[in-house]
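# Chains, contacts and geometry: an overview
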Amino acid sequence: MHKGFDTLAIAVQANLPPEAFEYFETQKDLAEKEQQDTLTDFNGVQFHIKGHGGSGYRILANGGPMGAQWAFKKPNPKDPWGIRVIFGSTFLATLGLGAARAHLDSVLERLDIRTRPEDFSISRVDYCVDILAPPGFILDPEAFIMHSSTNRRDHIANSDMAVSGKSGRTTSVTIGHPRARQVIVYDKRAEVIQKHKPHWWHLWNQTRRANSQSSIGPDTPDLSIWRVEFRAGKGLLKDRWNIRTWEDLFARFGDLSNETGQVIRYTAPTDHDTNRARWPNHPIWEIALEEINTDLIEMYEGTDPNPVKEIQRSHHISVLLKNIKGSTITLAALEGVEEPDLERFFQDTASKLADQSKADPAHTAKQLKDARDRYAFINPANLDAPPHKA
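Residues numbered from 1 in each chain as written. Predicted model: local features only at pLDDT ≥ 70, side-chain atom pairs only at ≥ 80, totals over all residues. Heavy atoms only, no water.

Before going further, it helps to spend a moment on the packing of aromatic side chains. Applying the stated criterion across every chain, the model contains 18 aromatic pairs. Relative to F91, the ring of F87 lies with its centre 5.0 Å away and its plane at 55 degrees, an arrangement referred to as tilted. Here F91 falls in the buried class, since its relative accessible area comes to 1%. The cationic tip of R84 hangs over the ring face of Y57; the distance from NZ or CZ to the ring centre is 4.7 Å. The positively charged end of R227 is found above the aromatic ring belonging to W200, 4.8 Å away from the centroid. (Phe/Tyr/Trp six-rings, centres within 6.5 Å; stacked < 30°, edge-to-face > 60°. Buried < 20%, exposed > 50% of the residue type's maximum accessible area, 1.4 Å probe, protein only. Lys NZ or Arg CZ within 6 Å of the ring centre and 35° of its normal.)

A word on unusual backbone geometry. Even without a glycine there, the phi angle at S212 is positive, about 60 degrees. By secondary structure assignment, the location of S212 is in the loop between helix 5 (199-210) and strand 12 (225-232). Residue N242 is not a glycine yet carries a positive backbone phi of 50 degrees. Inspection of the secondary structure assignment puts N242 in the loop between helix 6 (234-240) and helix 7 (246-263). On the basis of relative accessibility, which here comes to 41%, the residue N242 falls in the partly exposed class. (Helix = DSSP H or I, 4+ residues; strand = E, 2+ residues; numbered from the N terminus.)

Next up on the list: the environment of T260. Tracing the backbone shows T260 in helix 7. Considered as a pair, T260 and F230 are 30 residues apart in the sequence and their alpha carbons are 7.4 Å apart. Apart from residues lying up to four places away in sequence, T260 is in contact with R181, V183 and F230. (Contact = heavy atoms within 4.5 Å.)

Now for the pattern of salt bridges. All chains considered together, the criterion is met by 24 salt bridges. We note a salt bridge from K366 to E34, for which the minimum N-O separation is 3.6 Å. Remark: E34 occurs in helix 1 (residues 18-34) and K366 occurs in helix 11 (residues 361-374); sequence separation between them is 332 residues. Judged by its relative accessible area of 33%, E34 is partly exposed. (Salt bridge = Lys/Arg side-chain N within 4 Å of Asp/Glu carboxyl O.)

Before going further, it helps to spend a moment on the nonpolar core. In terms of nonpolar packing, the biggest core is built from 69 residues, with L8, W70 and F87 touching the most fellow members. Setting aside residues up to four positions removed in sequence, L8 forms contacts with V85, I86, F87, L92, L97, A100, I122, R124, V125 and W246. Counting residues in hydrophobic clusters, the runner-up holds 10 residues, among them M1, W201, I216 and I225. (Core = buried A, V, L, I, M, F, W, Y, C linked by side-chain atoms within 4.5 Å.)

Moving on, we get to a nonpolar patch on the surface. Judged by side-chain polarity, I317, L320, L321 and I324 come together as a nonpolar surface patch covering roughly 370 Å² of accessible area. Along the chain, L321 turns up in helix 9 (residues 306-334). (Patch = residues over 30% accessible without salt bridge, like charges linked within 9 Å, V, L, I, M, F, W, Y side chains within 5 Å. Areas by Shrake-Rupley, 256 points an atom, 1.4 Å probe, with all protein chains shown as cover.)

This part takes up the sheet that holds strand 11 (residues 181-187). Read from one edge of the open sheet, 11 strands run 2-3-4-5-6-1-7-12-11-10-9, paired in antiparallel fashion. Either end of the sheet is taken by a strand with one partner, and the two such strands are strand 2 (38-42) and strand 9 (161-166). In this sheet, adjacent strand axes meet at a mean angle of 20 degrees when their direction is disregarded. Examined bridge by bridge, strand 1 (residues 2-12) and strand 6 (residues 83-87) share 5 bridges and lie antiparallel to one another. Looking at strand 6, one finds that V12 is bridged to I83. Seen against the sheet, helix 8 (residues 283-294) touches strand 1, strand 7 (120-132), strand 11 and strand 12 and runs at an angle of roughly 135 degrees to strand 7. (Pairing = 2+ DSSP bridges. Axes fitted to C-alpha atoms, helices over the stretch in contact; angles between N-to-C directions.)

Running from amino to carboxyl end, helix 7 crosses helix 8 at an angle of 170 degrees, the nearest separation of the two axes being 10 Å. One element, helix 7, and the other, helix 8, form an angle in the roughly antiparallel class. On the side of helix 7, the interface is formed by G254, S257, N258, G261 and Q262, while helix 8 contributes W285, L289, I292 and N293. A class-by-class count of the residues in the contact of helix 7 with helix 8 yields 3 nonpolar, 6 polar and no charged. (Parallel < 35°, antiparallel > 145°, perpendicular 65-115°, else oblique. Nonpolar A, V, L, I, M, F, W, Y, C, P; charged D, E, K, R; others polar.)

Any functional reading would require information beyond the geometric quantities listed.
Written as structure tokens, this is what we have:
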């Protein structure tokens, strides 16, 4: 259904130049005063700046779903690693790893930051495979087998497993530690529906159409989509595999993932064999390992991001319309309006809102601008914007 990098976190040995830092600091103060993120544009780079810092970083910025999350420290010669960048699943699933690297370089250049290859340090990498499981598939926590590695820092025991679910059904199993090696298997279909991520149906259907298969959706019957995700934290990347730079990632992450698939396995238990180490891999695990080993370092520029942005925009519109309708009906009930008069009440309410807007045009104009800024990265005017502006 889908395979690719899902999260990528990078530290950069650099600091913001004085002009950029002063600009973002001013915008941060404005965001704090207005208690909402501020849309900024510095030399063609657009960010939403938060009104606070965090985790030792002075400036927190977000480039939207087709951008990255940025964190900047106050420039300090004694602390050269002043920038953290995180690419999320929407960017990586749509555009790919190559575009992430190009985006990072482009934004740094526009911020007037010069770097060398050794100035980048990879601190977290997630890779995932989404699998259409056979009907009746049930995730069994007891079928996971964990082997201790020869390296004590990589030891994994049964106590390192977390299980989630409800009504007697396991929906996810997480094994390991975020800063080291971690594997998670979970019901991706349920998560997409629960957390309102409709763009994933578009991404999955791209794969299905390429294989001459019919489209699917949240209402497709007997649909079971499970994600197998391998996560490598800072400790595993640097301490065990010496993966720090881009070149290290391209050269060794495939071997790291292959080892993960051996250290942690999801098996098909054999009733007559009490030696769990001899249990064969479950077919879903074999599929995941095959896909991970054949397409780890994809450097393609990815697919057109505009359909994903349009899906997200349409989703927001749908939610807002439902909220408007529900709130107006609730208001009608409070005012004692009966069902035959609902249509008139909707019209009267619309007229009242229009009158209120006209009564204070400056406030209305600011509200409209704030709303445009809030959704700047998925507005129709920005659907064709190049990635570095997102």
